[in-house]
Amino acid sequence: IALFYPTIVSRQRLAGGLSDPNGWSPAGSRGTLEGNRTESPATIFMVDTDTVARSHVRELAEKMGLRFQSYSNGHELLASFDSTPVGCLVMEVRLPELDGLAATMKIRAGESGEGMRDVWIVALTADAREEQRAHTLAVGANDYLTKPVRMPELTEALRRFVQARRNRASGR
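Model, not experiment: these values are computed from the prediction.

Peer 1: Residue-level account of the sheet that holds strand 5 (residues 143-146), with values.
Peer 2: Pairing within the open sheet is parallel, and its 5 strands lie in the order 2-1-3-4-5. Looking along the sheet, the strands with just one partner apiece sit at the ends: strand 2 (67-71) and strand 5. Between one strand axis and the next, the sheet turns through 20° on average, direction left out of account. Pairing analysis gives 4 bridges linking strand 1 (residues 43-47) to strand 3 (residues 88-92), with the strands arranged parallel. Considered in strand 3, the bridge of phenylalanine 45 is made with leucine 89. The strands touched by helix 2 (residues 51-63) within the sheet are strand 1 and strand 2, with strand 2 carrying the most contacts at an inclination of about 170°. Where helix 5 (residues 130-138) meets the sheet, it contacts strand 4 (120-125) and strand 5, and its direction lies at approximately 145° from that of strand 5.

Peer 1: I'd like a description of the nonpolar core, backed by residues and values.
Peer 2: One recurring pattern in soluble globular proteins: nonpolar side chains tend to sit buried together. Ile44, Met46, Cys88, Val90, Val122, Leu145 and Leu158 are the most contacted members of the largest nonpolar core, which totals 23 residues. The set of elements that each furnish at least two residues to this core consists of strand 1, helix 2, strand 3, strand 4 and helix 6 (151-169). Sequence-distant contacts of leucine 145, defined by excluding residues within four places in its chain, comprise Val122, Ala123, Leu124, Thr125, Glu153, Leu154, Ala157 and Arg160.

Calculation criteria
Residues numbered from 1 in each chain as written. Predicted model: local features only at pLDDT ≥ 70, side-chain atom pairs only at ≥ 80, totals over all residues. Heavy atoms only, no water. Pairing = 2+ DSSP bridges. Helix = DSSP H or I, 4+ residues; strand = E, 2+ residues; numbered from the N terminus. Axes fitted to C-alpha atoms, helices over the stretch in contact; angles between N-to-C directions. Contact = heavy atoms within 4.5 Å. Core = buried A, V, L, I, M, F, W, Y, C linked by side-chain atoms within 4.5 Å. Buried < 20%, exposed > 50% of the residue type's maximum accessible area, 1.4 Å probe, protein only.

Following this line, the structure appears as structure tokens:
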């Protein structure tokens, strides 16, 4: 099963789909999540064994002006946290070596560094059962998407991440 149905999305259409009433757009002057700010763009981390899924998310991130890094298991991800600030983590629930739920619990417990405790985590899984969703959110994921993920669902998940990031920055 493919993670995404193939869709050609222009940067302008994507930006329009993620823009908010206050004028924020991921395709701002510097391509950052905050539009015109001069800081470097957020990094989207993807953890999934499916290389096709990773390439689709990479393509979407690049169209949004975001940095992208991918990993195939939770150990690789946790080892990378020392060197790269993470904006959003898109992670498969079932991973080899260290699965997504265990990695989420380690992140929330501060085992990957205090600065990473609050990283936005979007869980991916083919398991659409409500019990799985509730359990995944209970262990610390911020959002939950089922495979195959469609572009509108991913866009909405990234919109929720951006809004949460904006709220945190403004102290809300």
